[in-house]
Amino acid sequence: LAYNNLADIAIERGDSAAAEKYYQAAIDSRPSNGYAYHNLAAMRISAQRIDEAMALYRSAIRADPTLIESYANLSMLLVQQGKTDEAVEVLQQAVDAKPNDPRPHVQLATLSAQQRRFEQALVHMNQAVSLAPYSGPLAAERAHLLLRSGDWSGAIDAATQVIDRWPDLPRPYLTRGEARI
């Protein structure tokens, strides 16, 4: 933990070389430190060393399978490389590792929607909303996804529920009684 803190201080001071040394020292002293792998991977991305970053994210996941951010970042890099199926597998592993966390479901929903696989996207978004029932933004995203899938009636009903339940929620694309969500 001390090495992680020293690395964070080095980053604040703009000394990325020292930060990398400290993260590596954290890994060397405690190989189960998923955060050190994760943070070092982020530094590799900044340096455009994508393959190294991907390997470090995989190491972070092995060290701490509940580190959802590492799954998310790895899947994002895989999508950028056109490896969408592998990205889906990584996100499914995140769901398996932390089944009560809505974030990997949201990411799977987003990725599925980008692929125009709306039925699968809605399954994951519905699961995310059920895991975080007090999240207005998730409920609003579900309404938007229903609209994108072509379910106008479902989208309007979902949007109306969002407006009724969270009247103060900023909603640039939610308008009561309209088909514009």
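Owing to the predicted nature of the structure, the values given are computational and were not obtained by experimental measurement.

What follows is about the pattern of salt bridges. According to the stated counting rule, one finds 7 salt bridges in the structure shown. Through salt bridges that share partners, Glu20, Arg44, Arg49 and Glu52 make up one connected network.

Right, let's talk about helix H8 (residues 118–131) for a bit. Think of an α-helix as turning once every 3.6 residues; residues three or four places apart then point the same way. In this model H8 runs 20 Å from its N-terminal to its C-terminal C-alpha over 14 residues, within 8% of the 20 Å that 1.5 Å per residue would give. Listed in full, the buried residues belonging to H8 are Phe118, Ala121, Leu122, His124, Met125, Ala128 and Val129. The buried residues of H8 occupy an angular sector of 165° when the element is viewed end-on, so they sit on one face. Pointing more than 90 degrees away from the buried face of H8 are the exposed residues Glu119 and Val123. The elements touched by buried residues of H8 are helix H6 (84–97), helix H7 (102–114) and helix H9 (136–148).

A low pLDDT score tells you not to read the predicted coordinates there in detail. Looking at the protein as a whole, its pLDDT mean stands at 90, while 93% of the residues score no less than 70. Confidence, expressed as mean pLDDT per element, reaches its minimum in the protein at helix H10 (residues 152–165) with 89 and its maximum at helix H4 (residues 50–63) with 97. Within the model, pLDDT remains below 50 along residues 176–181, and this stretch shows 19 contacts once partners closer than five positions in the same chain are excluded.

A grouping of Tyr3, Leu6 and Ile9 is seen on the molecular surface, where their side chains present a nonpolar patch of about 240 Å² in accessible area. For Tyr3, the position within the fold is in helix H1 (residues 2–12). We classify Tyr3 as partly exposed; its relative accessible area is 35%.

This part covers unusual backbone geometry. It is generally the case that most residues other than glycine have a negative phi and that most peptide bonds are trans. Unusually for a residue other than glycine, Gln48 sits at a positive phi of about 60°. Inspection of the secondary structure assignment puts Gln48 in the loop between helix H3 (34–46) and H4. For Gln48, a relative accessible area of 63% corresponds to the exposed category. Positive phi values are uncommon outside glycine, yet Arg116 reaches one of about 65°. Along the chain, Arg116 turns up in the loop between H7 and H8. With relative accessibility at 59%, the residue Arg116 sits in the exposed group.

Within the largest apolar cluster, 32 residues are counted, with the highest numbers of intra-cluster contacts made by Tyr23, Tyr57, Tyr71, Leu74 and Leu78. Elements with a minimum of two residues in this core: H1, helix H2 (16–29), H3, H4, helix H5 (68–80), H6 and H7. When residues no more than four places from it in sequence are discounted, the contact partners of Tyr71 are Ile61, Pro65, Val90, Leu91, Gln93, Ala94 and Ala97.

For the rest of this paragraph, the subject is the packing of H7 against H9. At a minimum axis separation of 12 Å, H7 and H9 run at an interaxial angle of 20°. Considering their axes alone, H7 and H9 lie roughly parallel with respect to each other. When you trace H7 past H9, the crossing you get is left-handed. Here Pro102, Val106, Ala109 and Ala113 of H7 lie close against H9, whose contacting residues are Leu138, Leu145 and Arg148. For the contact of H7 with H9, a count of residues per class yields 6 nonpolar, no polar and 1 charged.

Turning next to the environment of Val162. By secondary structure assignment, the location of Val162 is in helix H10. Put simply, Val162 and Ser16 are 146 residues apart on the chain and 44 Å apart in space, counted from C-alpha to C-alpha.

With respect to the element layout, Ala47 can be found in the loop between H3 and H4. The spatial distance from the C-alpha of Ala47 to the C-alpha of Ser16 is 10.0 Å, given a sequence separation of 31 residues.

Rules used in this analysis
Residues numbered from 1 in each chain as written. Predicted model: local features only at pLDDT ≥ 70, side-chain atom pairs only at ≥ 80, totals over all residues. Heavy atoms only, no water. Salt bridge = Lys/Arg side-chain N within 4 Å of Asp/Glu carboxyl O. Helix = DSSP H or I, 4+ residues; strand = E, 2+ residues; numbered from the N terminus. Expected span 1.5 Å × (residues − 1). Buried < 20%, exposed > 50% of the residue type's maximum accessible area, 1.4 Å probe, protein only. Arc of directions from axis to C-beta. Contact = heavy atoms within 4.5 Å. pLDDT = per-residue confidence, 0-100. Patch = residues over 30% accessible without salt bridge, like charges linked within 9 Å, V, L, I, M, F, W, Y side chains within 5 Å. Areas by Shrake-Rupley, 256 points an atom, 1.4 Å probe, with all protein chains shown as cover. Core = buried A, V, L, I, M, F, W, Y, C linked by side-chain atoms within 4.5 Å. Axes fitted to C-alpha atoms, helices over the stretch in contact; angles between N-to-C directions. Parallel < 35°, antiparallel > 145°, perpendicular 65-115°, else oblique. Left-handed = near helix turned anticlockwise from the far one by under 90°. Nonpolar A, V, L, I, M, F, W, Y, C, P; charged D, E, K, R; others polar.

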